[in-house]
Amino acid sequence: MHVRVKIDGNEMEIRTVWMEENRVVKMIDQRKLPHRFEIFESPDHKTTAFAIKEMIVRGAGAIGVVAAFAVAQAANTIRTSNFEEFMKELNNRLDVVRASRPTAVSLFYNINRVLSAVRKCGNVDEAKDVAYDEAQRIAEESVEICRKIGEFGAELINDGDTVLTHCNAGALAFVDWGTALAPIRMAHYQGKEIKVLVDETRPWLQGARLTAWELEMEGIEHYIISDGAAGYFMRKGFIRSVFVGADRIAANGDVANKIGTYSLAILAKTNNVNFYVAAPLETFDLNCPNGDNIPIEERSEDEIFYVWGLDDEGAWRRVRIAPFGSRAHNPVFDVTPHEYVTLFITEKGLVKPPFKENIQLLIRGGSHKK
Ligand code: RUB
């Protein structure tokens, strides 16, 4: 399946991120889409951390997978035969990756998963291969997990529905399929007629740039709307359901996702619109009792002040839209209290309220361990 790309009439299918045997990590450069399709190559863990921080790769799942790749990269060049020294050095090297983006729990979860596989093997010669194999396994598993989310979520979409999505939780936010867009993509493959309203998602415009690009590549009917327009369309009765992803979900079901998700959830409840959160089990952080414990990333004011894109002559331009004397606040995630969520869509099925109990049951019942 993969990310479908059509350039100058040629069609290809590619993953959002992958690692080659020489440990070079490759990724679609998401800063350049939809106007330029380029692959960014990262030879080492420091460059991979840079790619996460600069949003060359973004989206909780994709960040988590490249963080696992970064462990394999970091392990590969450590030159000691003493296992304890090896583990210490590996841990230190990963600090730069841990510091790249704080909100998506998959980054930390996958680093720990690869580290614990390496620790179990107990010797340096094997450790480098174990890190590589485990990271590749995480990438492979994520494709299947997202496909299952697509299958479970597609049941919630009827022929003729108009749905709304925020940010980008599609294939570009994972290795393939994504979370919130997976049910939409699956329903489309099942032959259902769907219209998708795409929130532009200021300030980084993940919706207008990335989700719109993915839907266009898939041939799914979609309309970009300004972030403030969602309430208008809900009140008119045009929208049946909202599908969003998540960067971290607390034990009680509170959801951290792209800034603006909280306002959408309130609008959805007020207008009797379903509010679905699609996420793999690794996104549930049982160490966070509620949303107040989730760290929220603040990014540069420049993301608010400037926009970039192509001008009428096709030249790449970054332009300032705000007065030079203004200041800005730029928290890039918010927390939606669990009472606004209709259902969670996971790879193990749909999770209904009461969320605290049902999340515990699902995670304890599955293979997922914290
Ligand atoms: C991305 C975002 C996405 C979630 C879900 O934010 O908020 O909705 O990460 O993604 P950013 P996934 O663009 O700032 O990383 O589908 O990968 O779980």
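See above for the structure.
The text that follows walks through the structure, step by step, so that each part is easy to find. (Residues numbered from 1 in each chain as written. Predicted model: local features only at pLDDT ≥ 70, side-chain atom pairs only at ≥ 80, totals over all residues. Heavy atoms only, no water.)

Attention shifts here to the site of the ligand. Not every one of the 19 residues close to the ligand is listed here, only the nearest: Gly-61, Ala-173, Thr-179, Asn-257 and Lys-258. Note that an oxygen atom of the ligand is positioned 2.8 Å from one of the backbone N or O atoms of Ala-60. Arg-101 has a polar side-chain atom sitting 2.8 Å from an oxygen atom of the ligand. In the complex, 100% of the free accessible area of the ligand, which totals 460 Å², lies under the protein chains. Broken down by secondary-structure element, the contributors of at least two residues to the shell around the ligand are α2 (60–76) and β11 (255–258). Class assignment of the residues belonging to the shell around the ligand gives a composition of eight nonpolar, seven polar and four charged. When residues are assigned to domains, the shell around the ligand turns out to be shared by domain 1 (3–146) and domain 2 (152–363), each giving three or more. (Near = heavy atom within 4 Å. Polar contact = N/O pair within 3.5 Å; in protein donor to acceptor, adjacent residues only side chain to side chain. Areas by Shrake-Rupley, 256 points an atom, 1.4 Å probe, with all protein chains shown as cover. Helix = DSSP H or I, 4+ residues; strand = E, 2+ residues; numbered from the N terminus. Nonpolar A, V, L, I, M, F, W, Y, C, P; charged D, E, K, R; others polar. Domains from an automatic or database assignment.)

A few words on the sheet that holds strand β8 (residues 222–225). Read across the open sheet, the seven strands follow the order β8-β7-β6-β9-β12-β17-β18; overall the sheet is mixed. Of all strands in the sheet, those with a lone pairing partner are β8 and β18 (349–351), marking the two edges. Neighbour-to-neighbour, the strand axes of the sheet open up by a mean angle of 25°, direction not taken into account. Judged from the four bridges that link them, strand β7 (residues 195–199) and β8 form a sheet pairing that is parallel. Residue pairing for β8: Val-196 is matched across the bridge by His-222. Here helix α6 (residues 124–154) sits on the sheet and contacts β9 (241–244), β12 (274–278), β17 (343–346) and β18; the angle it forms with β17, its principal contact strand, is near 140°. (Pairing = 2+ DSSP bridges. Axes fitted to C-alpha atoms, helices over the stretch in contact; angles between N-to-C directions. Contact = heavy atoms within 4.5 Å.)

Take the packing of aromatic side chains next. Working definition: an aromatic ring pair is given by the centre-to-centre distance plus the angle between the planes. Tallied over the entire structure, the rule returns 10 aromatic pairs. Taken together, a centroid distance of 5.1 Å and an interplanar angle of 85° make the contact between Tyr-232 and Phe-233 edge-to-face. When the centroid spacing of 5.1 Å and the interplanar angle of 50° are considered together, the rings of Phe-243 and Tyr-276 count as tilted. Taken as a pair, Phe-243 in strand β9 and Tyr-276 in strand β12 lie far apart in primary sequence, 33 residues in all. What makes Phe-243 buried here is its relative accessible area of 0%. Its guanidinium or amino end placed over the ring of Phe-333, Lys-258 lies 4.3 Å from that ring's centre, counting from NZ or CZ. Across from the ring centre of Tyr-306, 3.8 Å away, lies the NZ or CZ of Arg-318, which sits over that ring. (Phe/Tyr/Trp six-rings, centres within 6.5 Å; stacked < 30°, edge-to-face > 60°. Buried < 20%, exposed > 50% of the residue type's maximum accessible area, 1.4 Å probe, protein only. Lys NZ or Arg CZ within 6 Å of the ring centre and 35° of its normal.)

As a further point, take the pairing of β17. It is a general feature of regular strands that their side chains alternate between the two faces of the sheet. Because side chains alternate across β17, one face comprises the buried residues Leu-343 and Ile-345, and the other comprises Phe-344 and Thr-346, equally buried. Across three bridges, β17 lies against β18 in antiparallel orientation. If you follow Phe-344 over to β18, its bridge partner there is Val-351. If you look at the hairpin formed by β17 and β18, you'll find two residues sitting between the two strands.

Here the focus is unusual backbone geometry. Leu-33 connects to Pro-34 through a cis peptide bond whose omega is 5°. On the secondary structure map, Pro-34 appears in the loop between β4 (25–28) and β5 (39–42). The backbone of Met-55 shows a phi angle near 65°, a positive value even though the residue is not glycine. Relative to the helices and strands, Met-55 resides in the loop between α1 (45–53) and α2. With a relative accessible area of 1%, Met-55 lands in the buried category. Phi at Leu-205 takes a positive value of approximately 65°, unusual for a residue other than glycine. Following the sequence through the fold, Leu-205 ends up in the loop between β7 and α8 (206–218). Of the residues examined, Leu-205 reaches a relative accessible area of 14% and is grouped as buried.

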